[in-house]
Amino acid sequence: MRILKSAILFISLLTLFFTSVSIFQIESKKRVLNRELIELSLVKYGIFSVDEWKNTLSEIVIKRINEFSLEDTNEDELRRHISEFLVVAVDKLEKSFFEQNSSSLGGFLKGGVATITNVFGVMKKDIPLLTDSIVNFLNDPKNKVLAKDFFIKRLNEYSDDTFSEIDYTTYDLILANHQQPTKKAAIDVIMAKIEVLDQQQKPYSFLIFFVAIFLMIGTILSKNLESKEFLLLTLNCSVLLIIGILLPMINIDARISEMDFQLMGESITFTDQVLYFKSKSILEVVQLMLLNNKPDVIAVGILVLVFSVIFPLSKLTASVIHLYSKKLRQSRIVKFMVFKTAKWSMADVMVVAIFMAFIGFSGIISEQLKDLENIAIHVDIMTTNESSLQIGFFLFTAFAVLSLLVSHKLQFNFKGKKQG
């Protein structure tokens, strides 16, 4: 029976190690793809992109120019408006001409010639001909092309003078990496690849959590565990701890899922515009904090490192020392780590803290996104908070629970032997 129990624990250890390595490899590939997906979905390439707006406006105006036809309008009404405009223009020109040439001899002579030749009267008489010319100009397809070219040229000039250029280096590298010509095509390809990796990871995730729960139940039901069985359980805990602190624990993701409004009679829609995204493991969070220049942030980073990494590893190491070293077994430090810390182990406290931080972040982001929806006028905005707990959180939780059970079982066995 002892041999069978040890064999099961050893098989569990191998299974946890194999599945952890497989999950870590798959998650590493997914994180690269997710970073690329988030990069392409950032608002700087969408709502905040001057190039995106130039393309959108150009398409709308070109469509309007192509659709423009006098057949769809009241031509008599159009001619009347053009004629009235030309009459007013000629009157203003005549008035301005005589005012400018009334204060000098040369100007007086110019005014006299204009009066004798009745140049402004001739212009007014020719207004019907000018009206016909303008109508014909508007109907000429060649002029539509000129109008489109003129608009695009002016739009590019104004945007270049007004807005700063966007660095497309990373953007272009992602498109080239996936051999896609457009952002939408690249996003579709990346999402398909992530879906494939998710399907590959599911069996490993199911297996690792099945083994963890099996070990928890087995530890609770077992009596009088031997040293090698405690060692195997401790090694199983170590695997869960290591993979738990290496994998991402939380994704903080706030985005505009859909933004729709009308411009020049055309519906413009932006989808999946990422406002903020962070995905970090415990070790990555610690690294960021320790590299910060602020002393208070560094202090928090040290505390996170001590209580989420160093403390659990020390506790597991002390358990092994207690099992196999009679000399060090009497050490106060070893006894303290093995027996005195079980009731206030920071491992499970750390899990709760991370969970509360997640809930807090989720609430803050959701509230801010609602405010964004409320301030938008004549614009339909659908915001979403895609923040979620990741597999690292659940694996770290599994370690915390299993480690606590093993500590209590070790303490119970030690007291039983001491009393015996």
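Just above sits the structure.
Structure report, in brief. Since this is a predicted model, take the numbers as computed values, not measurements.

Below, the discussion takes up the nonpolar core. If you look at the biggest cluster of nonpolar residues, it comprises 44 residues, and the most contacted ones within it are L16, L215, L240, I282, L395 and L402. Of all the secondary structure elements, the ones that give two or more residues to this core are α1 (2–41), α9 (183–221), α10 (227–246), β1 (250–263), α11 (282–290), α12 (295–324), α14 (332–340) and α16 (391–419). Aside from chain neighbours lying at most four places away, what touches L402 is L215, M216, T219, C237 and L240. Core analysis: the second largest hydrophobic core is formed by 13 residues, L37, I187, I190 and I194 among them.

A few words now on the pattern of salt bridges. Under the defined criterion, the tally for this structure stands at five salt bridges. Across the pair K30 and E27 runs a salt bridge whose closest N-O atoms are separated by 3.4 Å. Placement of the pair is K30 and E27 together in helix α1, with a separation of three residues, close to one helical turn. A relative accessible area of 11% means that K30 is categorised as buried. Where K44 meets E39, a salt bridge forms, and the shortest distance between an N and an O atom there is 3.7 Å. Among the residues examined, E39 registers a relative accessible area of 16% and is labelled buried. Salt bridges sharing partners connect three or more residues here, namely E27, K30 and D198.

A contiguous nonpolar surface patch, about 590 Å² in accessible area, is contributed by L4, I8, F206, L207, F210 and F214. Along the polypeptide, L207 turns up in helix α9. Under the relative-accessibility criterion, L207 is labelled partly exposed at 31%.

Once that is clear, we can look at the packing of aromatic side chains. The full count for this structure, using the stated rule, is seven aromatic pairs. For the pair Y168 and Y171, a centre-to-centre distance of 5.3 Å together with 80° between the ring planes defines the contact as edge-to-face. Overall, the relative accessible area of 22% leaves Y168 in the partly exposed class. An aromatic cluster of three or more residues is present, and its members are Y45, Y168 and Y171.

This brings us to the environment of V21. Structurally, V21 can be placed in helix α1. A residue is classified by how much of its surface remains accessible, and V21, at 34% relative accessible area, is partly exposed. Residues V21 and Y204 lie 183 residues apart in sequence; the distance between their C-alpha atoms is 9.7 Å.

What follows is about the environment of L207. Separated by 191 residues in the primary sequence, L207 and L16 have C-alpha atoms spaced 8.3 Å apart. Leaving out residues up to four positions away in the same chain, L207 has contacts with T15 and T19.

Here K278 is to be found in strand β2 (residues 266–280). For K278, a relative accessible area of 40% translates into the label partly exposed. For the pair K278 and I252, spaced 26 residues apart in the sequence, the C-alpha separation amounts to 5.1 Å. Not counting residues up to four positions away in its chain, the partners in contact with K278 are I250, N251 and I252.

If you check the backbone angles, Q179 has positive phi at about 55° while not being a glycine. Locating Q179 in the fold gives a position in the loop between α8 (169–177) and α9.

Within α8 the residues assigned to the buried category are Y171, I174 and L175. All buried residues of α8 lie within an arc of 95° about the axis, which places them on one face of the element. Facing away from the buried side of α8 by more than 90 degrees, the exposed set consists of L173 and A176. Positive backbone phi, at 55°, marks Q179, one or two positions downstream of α8.

Cut-off values and rules
Residues numbered from 1 in each chain as written. Predicted model: local features only at pLDDT ≥ 70, side-chain atom pairs only at ≥ 80, totals over all residues. Heavy atoms only, no water. Core = buried A, V, L, I, M, F, W, Y, C linked by side-chain atoms within 4.5 Å. Buried < 20%, exposed > 50% of the residue type's maximum accessible area, 1.4 Å probe, protein only. Helix = DSSP H or I, 4+ residues; strand = E, 2+ residues; numbered from the N terminus. Contact = heavy atoms within 4.5 Å. Salt bridge = Lys/Arg side-chain N within 4 Å of Asp/Glu carboxyl O. Patch = residues over 30% accessible without salt bridge, like charges linked within 9 Å, V, L, I, M, F, W, Y side chains within 5 Å. Areas by Shrake-Rupley, 256 points an atom, 1.4 Å probe, with all protein chains shown as cover. Phe/Tyr/Trp six-rings, centres within 6.5 Å; stacked < 30°, edge-to-face > 60°. Arc of directions from axis to C-beta.

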